[in-house]
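Results of the structural survey
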Amino acid sequence: NSIIKVALIGNPNVGKTSVFNQLTGLNQQVGNYPGITVEKKQGIAKLSSEVKAKIIDLPGTYSLNASSIDENVVIELLLNKNDEDFPDVAVVVTEVENLKRNLLLFTQIKDLEIPTILVINMADRMKLKGIELDIESLEKELKTKIALVSSRKNQGIDNLRNIILNYTELSTEPCLHASSIDPEYFDKLRKAFPNQLLYKLWLVITQDVNFLNLERNEIKSSFTKSHSDLKRLQQKETIKRYQFINDTLKIGQKIDQSKATDIRAKIDRILTHRVFGYLIFFGILMVIFQF
Ligand code: GDP
Ligand code: MG
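Residues numbered from 1 in each chain as written. Chains lettered and ligands numbered in written order. Predicted model: local features only at pLDDT ≥ 70, side-chain atom pairs only at ≥ 80, totals over all residues. Heavy atoms only, no water.

Moving on, we get to the sheet that holds strand β8 (residues 145-148). Pairing in this open sheet of seven strands is mixed, and the strands run β2-β3-β4-β1-β5-β6-β8 from one edge to the other. Lying at the two open borders of the sheet, with one neighbouring strand each, are β2 (28-32) and β8. In this sheet, neighbouring strand axes are inclined to one another by 25° on average, regardless of whether the strands run parallel or antiparallel. Two strands pair when backbone bridges link them, and strand β6 (residues 116-121) and β8 are joined in this way by four bridges, in the parallel orientation. Pairing of isoleucine 117 across the sheet is with lysine 145, part of β8. Across the sheet, helix α5 (residues 135-142) touches β6 and β8, and the angle it forms with β8 is around 140°. (Pairing = 2+ DSSP bridges. Helix = DSSP H or I, 4+ residues; strand = E, 2+ residues; numbered from the N terminus. Axes fitted to C-alpha atoms, helices over the stretch in contact; angles between N-to-C directions. Contact = heavy atoms within 4.5 Å.)

Moving on, we get to the site of ligand 1. Near ligand 1 there are 15 residues, and of these Asn13, Lys16, Thr17, Ser18 and Asp124 occur at the shortest range. Taking aspartate 124, its side chain carries an N or O atom lying 2.8 Å from a nitrogen atom of ligand 1. Here an oxygen atom of ligand 1 sits 2.9 Å away from a polar atom, N or O, in the side chain of arginine 152. Tallied by class, residues from the shell around ligand 1 come to three nonpolar, eight polar and four charged. (Near = heavy atom within 4 Å. Polar contact = N/O pair within 3.5 Å; in protein donor to acceptor, adjacent residues only side chain to side chain. Nonpolar A, V, L, I, M, F, W, Y, C, P; charged D, E, K, R; others polar.)

Two elements in contact, α5 and helix α10 (residues 227-252), have axes separated by 8 Å at closest approach and are oriented at 155°. Relative to α10, α5 is oriented roughly antiparallel. Where α5 crosses over α10, the two elements pack in a sense that is right-handed. Contacts between α5 and α10 involve Ser137, Leu138, Glu141 and Leu142 on the former and, on the latter, Phe244, Thr248, Leu249, Ile251 and Gly252. Looking at the contact of α5 with α10 residue by residue, the class counts come to five nonpolar, three polar and one charged. (Parallel < 35°, antiparallel > 145°, perpendicular 65-115°, else oblique. Left-handed = near helix turned anticlockwise from the far one by under 90°.)

See the structure below:
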């Protein structure tokens, strides 16, 4: 009788809570994280007749570059293997229309080498928006398993349950190494802390979070960089990640607005294409009504 620990992570408004509700049904519990007012939602999902999963719906976060209490909750959990809720598997939820932005967080989680599943939600909107995805290519590029779901229509959730059930088969390989942003600096870090994940060290150096496994002050004092240097490196990290994401989406995503069935998208398209025509048309009307 085992229980798999799952953390649901994602940007705000991607449908994380909707996926959580589909997975857990009425088996939910809402509380607070100790000492802060951030809501802690957890529930139990039944994956098979023997296996259950404990699912935590984490607060929405755009990245692991902590800038809010909500984001700190996510980082502290993912950095702390001793936390009772430390996940066996991270489920990163994204949605079809904002994949590019949503994937930034995904690549950061992958760098922590936690088994990770990518959920692409709101599949029901793909036709509407003329979006096509090559799931197999995306899985290969991102070194992950993908569940394409519509939590609104309860589609793809069984497949997601199945991937969670088989989480030990997931790759823990990062899809991008943060260390490539400054090899020399990261090489020194690696030598000083051979048993620690480099990206974890990087987060400890750059973030103001409580981190229990490592002597933060020791790391910070021997690896200080000026505030502006750190900012520069962080920007470089973000740029590298978006380059990787752009390349990946070029291979695995096609957006053809002429195929969009969304009436609003159609009107938008006609308007932008013919905006000058309309301007001239209304200009003429105004001239006529002047007289
Ligand atoms: P969270 O902020 O990530 O927890 O997102 P929510 O679960 O609160 O959902 C945000 C919005 O997206 C809500 O208005 C949902 O109704 C909508 N939504 C969630 N899942 C789907 C989906 O599969 N399809 C569509 N079309 N909308 C969805
Ligand atoms: Mg939510």
